[in-house]
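# Overview (structure and organization)
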Amino acid sequence: MVNERYPIGEFECEDIISMAQVAKWIEEIRVLPSQLSEVVSELSEEELNQPYRKNGWTIRQVIHHIADSHTNSYIRFKLALTEDAPTIKSYNQDEWANLPDSTMPISVSLKIIDSLHERWTYLLQSLTAEQLKRTFHHPVSGQVTLERNIGIYAWHGQHHLAQIKNALK
């Protein structure tokens, strides 16, 4: 039986991350917008308002969450690249998912995701091995390297994509 909350499993990462692995993750980030659009562009309002699991977010909320989360991540990358191990601010994603803008048409967030991922991918592909080792401090997770965070967000996109696909079965 598929775990509805973590349909692709939880994020796992080796201690030593190869440049090939980083490139694979960057590619997953790059293609996520088209993968999402392919799955959700023709959904009805009823389907968009369907939760991906019992007591879970609706598909609409998941799409808006991806835009929120990935925007936060992009900013965290820029902070880590321009400051010395900054402490980033976390946010309450459940509360964000219940704000009024999470009821808007998904086309708004799909545009954000598309543009953001184009810019984010450009930045990520330009990073040197030294820059990939830069860190930020997350209040819950502690020190996080940029290379690991690339993996986290490649996983994050695929994680939510799988939730949406499972909800539509």
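This section reports on the structure supplied with the text. (Residues numbered from 1 in each chain as written. Predicted model: local features only at pLDDT ≥ 70, side-chain atom pairs only at ≥ 80, totals over all residues. Heavy atoms only, no water.)

### A short note on the side chain of His 70
We count it as follows: In this description a helix means any DSSP run of H or I spanning at least four residues, a strand means any run of E spanning at least two, and both kinds are numbered starting from the N terminus. With a 1.4 Å probe rolled over the protein chains alone, any residue whose accessible area is under 20% of its type maximum counts as buried; one over 50% counts as exposed, and the rest are partly exposed. Two residues form a contact once any of their heavy atoms are found within 4.5 Å.
Within the secondary structure, His 70 is located in helix α3 (residues 59-82). Among the residues examined, His 70 registers a relative accessible area of 0% and is labelled buried. With residues up to four places along the chain from it excluded, the contact list for His 70 reads Leu 32, Leu 116, His 117, Trp 120, Tyr 153, His 156 and Gly 157.

### A word on the nonpolar core
Most often, soluble globular proteins have nonpolar side chains that are buried together. What counts here: Among buried residues, the Ala, Val, Leu, Ile, Met, Phe, Trp, Tyr and Cys ones that are joined through side-chain atoms within 4.5 Å form a nonpolar core.
Core analysis: the largest hydrophobic core is formed by 21 residues, its most contacted members being Val 22, Ile 29, Phe 77, Trp 120, Leu 124, Phe 136 and Ile 150. For this core, the secondary-structure elements that each account for two or more residues are α1 (19-40), α3, α5 (106-126) and α7 (146-167). Beyond its immediate chain neighbours, meaning those up to four positions away, Trp 120 contacts Ile 29, His 70, Ser 73, Tyr 74, Phe 77 and Tyr 153. Core analysis: the next-biggest nonpolar cluster, separate from the first, contains 20 residues, Leu 43, Tyr 52, Ala 97 and Leu 110 among them.

### Here we look at unusual backbone geometry
Within the chain, Asn 55 stands out as a residue other than glycine whose phi angle is a positive 65°. Relative to the helices and strands, Asn 55 is located in the loop between α2 (45-48) and α3. Judged by relative accessible area, which is 74%, Asn 55 ranks as exposed. Located in the positive-phi region is Ala 85, a residue other than glycine, with phi close to 45°. Secondary-structure assignment places Ala 85 in the loop between α3 and α4 (93-97). Among the residues examined, Ala 85 registers a relative accessible area of 32% and is labelled partly exposed.

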